[in-house]
Structures are given as C-alpha cells and as structure tokens.
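One letter stands for each residue in the lines below.
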Amino acid sequence: GAYPFTTLHPSLGVLAIEGGERTLVLADIPGLIEGAAEGRGLGHRFLRHLERTRLLLHLVDCSATAQDPVAAWRVVRDELAAFAPDLAARPSLVAATKIEEPAAEERALELDAALIASGAPAAMRLSSATGLGVESVIRALFEGCDRSENSEDARGSERPQQTGRRSQPGRPTA
C-alpha cells in the first residue's frame, strides 16, 4: 500500500497473568506516519482510540532494515502531542524490538540516549522471535497500569479524561 503499515483497524486483546486473576485490555494501534494528527494517512482514526488508554507502549523496531529508531519514536511522540498534548504526557513505556538481530543493540543504545535526554527511562529490550524481554514487558505493563490507577484514584477519576478534541483531515488540532 501507500503507507508503511497494512493494518486498517486497531486490534484488541486481553493479557492475563496469575491464572487469569489479573487482566489488561491491550489495543494494538498500527504505526503512525508523520502528519497523522492532521489527517494524513489513517492515523487520525487510530489516534482517537488512544484517548481512553492509561498507558502507552511504544514498540520501536531497531533492526538494521528499519527506519532510524530515534526518528520513528520522535514522529510518534510529535503526532501524539499534535493531536492532543495530554496523550504525549500520558505514562508510556518504550521497547526496542527485534533485538535478536546483530545491529539492533547498537541502534537500541541510540534510542536509549534520546529517551534519557528527554527525561524518559531507557528502552526495554524485546524479541518476539526468541521471547527475550517478554516477561519484563508484561510485568512493566501491569506495574504501569497499577501506578496509573493509583494516581487516578488519588485524583478521584476512573480513567483518563478524553480530550474531546478530534483531528479532522487537513485541519490542525492546535
């Protein structure tokens, strides 16, 4: 297709741990392209789905054939901020993916430097092919959601408030 992704609809899934006693609903949102907040590509439709999330997990491809991981991460962060600043400020985790590939660790270190410079922690390492980091990411997701829920309870709300702002094609959300 004309875009660097082929998914046309977000996918939902349930992640269960502790024998199903604890669950999270996950929304798999396809990658965003630059200009998504202004309606370029299908991103404006995907960004609306993020308004109900408590925590964002950015999966950044660090393989040798992927685009620059730092640039890819920055595009997504910029698109979130352009769509709704509170989305960019929402708690998030970053995982450097395809870490099993030889060049991936070096690229992940470059991503780490950008994350740390922005005040975020270094990226977790993740390999779907080998299973490296999967348990750590799952644990971090549950811990992050627990922190978010406790923070919301302290503020007296049940979930992040929706921004009420919708991007329209060709119209910035300033």
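Definitions and limits used
Residues numbered from 1 in each chain as written. Predicted model: local features only at pLDDT ≥ 70, side-chain atom pairs only at ≥ 80, totals over all residues. Heavy atoms only, no water. Helix = DSSP H or I, 4+ residues; strand = E, 2+ residues; numbered from the N terminus. Buried < 20%, exposed > 50% of the residue type's maximum accessible area, 1.4 Å probe, protein only. Pairing = 2+ DSSP bridges. Axes fitted to C-alpha atoms, helices over the stretch in contact; angles between N-to-C directions. Contact = heavy atoms within 4.5 Å. Salt bridge = Lys/Arg side-chain N within 4 Å of Asp/Glu carboxyl O. Right-handed = clockwise from strand over helix to strand, strands pointing away. Patch = residues over 30% accessible without salt bridge, like charges linked within 9 Å, V, L, I, M, F, W, Y side chains within 5 Å. Areas by Shrake-Rupley, 256 points an atom, 1.4 Å probe, with all protein chains shown as cover. Expected span 1.5 Å × (residues − 1).

Draft legend 1. Fine view of unusual backbone geometry. The backbone phi angle of Glu18 is positive, close to 55°, even though this residue is not glycine. Along the chain, Glu18 turns up in the loop between β1 (11-17) and β2 (22-28). Since its relative accessible area comes to 52%, Glu18 is described here as exposed. Even without being a glycine, Lys98 presents a positive backbone phi close to 60°. Along the chain, Lys98 falls in the loop between β4 (92-97) and α4 (104-117). Since its relative accessible area comes to 37%, Lys98 is described here as partly exposed.

Draft legend 2. Geometry of the sheet that holds β4. The 3 strands lie next to each other as β3-β4-β5, forming an open sheet whose pairing is parallel. The sheet is open, and its two borders are formed by β3 (56-61) and β5 (124-126), each paired with just one other strand. The sheet shows a mean angle of 35° between the axes of neighbouring strands, direction not considered. Sheet topology note: the β3/β4 ladder contains 6 bridges and is parallel. Note on β4: the bridge partner recorded for Leu56 is Ser92. Along the sheet, helix α2 (residues 69-83) contacts β3 and β4; its crossing angle with β3, the most-contacted strand, is approximately 150°.

Draft legend 3. Up close: the pattern of salt bridges. Scanning the entire structure with this criterion turns up 5 salt bridges. Across the salt bridge formed by Lys98 and Asp61, the nearest N and O atoms sit 3.2 Å from each other. Taken together, the positions of Lys98 in the loop between β4 and α4 and Asp61 in strand β3 put the pair 37 residues apart, joining distant regions of the chain. As a salt-bridge pair, Asp112 and Arg125 come within 2.7 Å of each other at their nearest N and O atoms. Taken together, the positions of Asp112 in helix α4 and Arg125 in strand β5 put the pair 13 residues apart, joining distant regions of the chain. Asp112 gets classed as buried once you look at its relative accessible area, which sits at 9%. Connected via shared salt-bridge partners are Glu105, Asp112 and Arg125.

Draft legend 4. Focus on the pairing of β4. Counting buried positions along β4 gives 5 out of 6 residues, so the element sits mostly inside the fold. Bridge count for β4 against β5 is 3 bridges, and the pairing is parallel. What sits directly across from Ala96, in β5, is Arg125. Running through α4, the crossover from β4 to the neighbouring parallel element β5 is right-handed.

Draft legend 5. Here's a closer look at a nonpolar patch on the surface. Side chains of Leu12, Val14 and Val25 sit close together on the surface and give an oily, nonpolar patch of about 360 Å² of accessible area. Position of Leu12 relative to the elements: it lies in strand β1.

Draft legend 6. Here's a closer look at the side chain of Arg90. Structurally, Arg90 is set in the loop between α3 (85-89) and β4. According to the relative accessible area criterion, Arg90 is buried, its value standing at 7%.

Draft legend 7. Representation of α2. With 15 residues, α2 should cover 21 Å at 1.5 Å per step; its first-to-last C-alpha distance of 21 Å lies within 8% of that length. Listed as buried for α2 are Pro69, Val70, Ala72, Trp73, Val76, Arg77, Glu79, Leu80 and Phe83.

Draft legend 8. Here's a closer look at the pairing of β2. Note: β1 against β2, 7 bridges, orientation antiparallel. If you follow Gly13 over to β2, its bridge partner there is Leu26. Here β1 folds back onto β2 in antiparallel fashion, the turn holding 4 residues, of which Glu18 has a positive phi close to 55°.

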